[in-house]
Every structure is written in C-alpha cells, then in structure tokens.
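Here is what each chain is made of, one letter per residue.
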Amino acid sequence: MMRDTWVLFRHGVGVTLRQKLGIIIIGVLQPLLFLVLFGPIFTTFGTWETLVPGLIVQLGLLSMGLAGFGVVFERQSGVLERMRVTPASRLALLLGRVLNNAVTLIIQTVLLLAVAFAFGLRAPVPGLLAGLVLIVVLGISLAALSYAIALTINEQLFAPVMTTAVVPLVLLSGSFLPMSMAPGWLDAISHISPFRYVLEALRDLFHGHYLTGTVGAGVAVTGAFAVVSLTIGTRVFNRENA
C-alpha cells in the first residue's frame, strides 16, 4: 500500500506543479485579498497574529473543502472507473490524493504567510511551524471528507452543497473576528464547529503561547476530526471503488 500511495502522490504532485500552479495561486487569492484590504483596518484594533490564523483557516476550508471537485471530474471523465481495475489499494488511492492536497495547502499557506510578514506579522518560528502542522492535518481531514461527500451525493449537487456549507463554517470559526465578540447565541453555536478550536489554537501559537489549554483543545479536536474524516473517507472510497 505504501508503494501505491507514493506512486500516486508523486504523480499528483508532478501534475500539480506542472499544470496547476495557476490554480494554487487562485486558491489563495481570496485570503490574500482579505489580508491586503481588510488587514490594515483590522490592525487598528487587533493584531496580525490574530487575523492571519483566521485567514489560514479560511484558506484551508476553501481549498481543501472543495478538493472533491477532482473526484467529480474523474467520475465524469471515466478516470475513476479505469482506476477500479488497477491492483492499487483503495486506501492508497485516497491517501495519494489527500497528500497531494496537503502539498497544495502548504504552498498556499507559505505564500500567505510571506505576504503577511511583509505587512507586519511577527509570529515566532516555533509557533509558525506548529501551526503549519496543525493546519496540514486539518487540511488532510477536510480533503478526505470532501472526497467522501463527492462520491456520495449527486455530481451536480457537490458544488452548491459544499460552497453553501463552507461560508458559514468560515464565519462561525471566528476567522475575521474572535467569536468572543459575537452575541451570546452566536458564540454558543460556534462551539459546535471544530474549526473554532483549531483557529483559537493557531492564534495562541502565533502569539508564542504553546502549552496552553487552548492549544491542547485545538490539537485534540484536530486529531479527533482527522480520525473521523479519514475513517469516513476510507470507507466511502472502498465502497464506491469496490
């Protein structure tokens, strides 16, 4: 299985770097616009270390939450059907894809961070590295769940369903303003979303606070979300490609 995963991952990365660099840049464009246009306003009452983690979570939700588009296109073109007759492990078919998505997310996040540093972000290196690991695990989980949804629902419904779901998830995570500033009822609802805990952990890490309850909660929620998402993704992929 490891060999199959590596072959599929290497092929996917090669295609991404050769043909989809423009797509990678377009994927990070919206968070970059928020950084450039909203950042100077936000920093009149907040900090870059508070805003940028929110934009990273927004990036992860937008980029990885819509990763299932790849499977939709493969189903329509017949590529997925042809893969069913290969001896490759079904788990490898999923892992190769999500690891390729993780590389895309890393490139996008580094690009966003580079621009953020030019604007004034001064997060410590250990916090940046820990935050990057956290967001990559979250991205892999989102991609696996996105693939599962793409294989489960009607192909025509994937885009409207996912885009409709992503927007409230971004807002409820507190990406633009901490949810502690929201009305009580909205703050209570936001606690249901795992992305709030991840974002709050990122903000602590970017402020140089590592061994805190907030970081611990973010790591625990991310780990649990990864287990659930990868389990669902693997089962759906095995069933649909049996």
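All figures in this text were calculated on a predicted structure; none of them were measured in a lab. (Residues numbered from 1 in each chain as written. Predicted model: local features only at pLDDT ≥ 70, side-chain atom pairs only at ≥ 80, totals over all residues. Heavy atoms only, no water.)

**A few points about the nonpolar core**
Membership of the largest hydrophobic core comes to 52 residues, with the highest contact counts inside it found for Leu35, Val52, Leu112, Leu121 and Phe206. In terms of residues, this core owes the most to one element, helix H7 (residues 125–152), which gives 13 residues. Residues contacting Val52, with those up to four places away along its chain left out, are Leu35, Leu113, Ala116, Leu121 and Phe206. (Core = buried A, V, L, I, M, F, W, Y, C linked by side-chain atoms within 4.5 Å. Buried < 20%, exposed > 50% of the residue type's maximum accessible area, 1.4 Å probe, protein only. Helix = DSSP H or I, 4+ residues; strand = E, 2+ residues; numbered from the N terminus. Contact = heavy atoms within 4.5 Å.)

**Overview of the pattern of salt bridges**
All told, the structure shown has two salt bridges when counted by the stated rule. We note a salt bridge from Arg196 to Asp187, for which the minimum N-O separation is 2.4 Å. Taken individually, Arg196 and Asp187 each receive the classification buried, so the pair is uniform in this respect. Of the charged contacts, one joins Glu200 and Arg196 as a salt bridge, the two residues approaching to 2.8 Å between their closest N and O atoms. In this pair, Glu200 and Arg196 are both assigned in helix H10 (residues 194–206), four residues apart and thus about one turn of the helix distant. For Arg196, a relative accessible area of 6% translates into the label buried. Linked through salt bridges whose partners overlap, the residues forming this network are Asp187, Arg196 and Glu200. (Salt bridge = Lys/Arg side-chain N within 4 Å of Asp/Glu carboxyl O.)

Function cannot be read off these values alone, since they describe shape.
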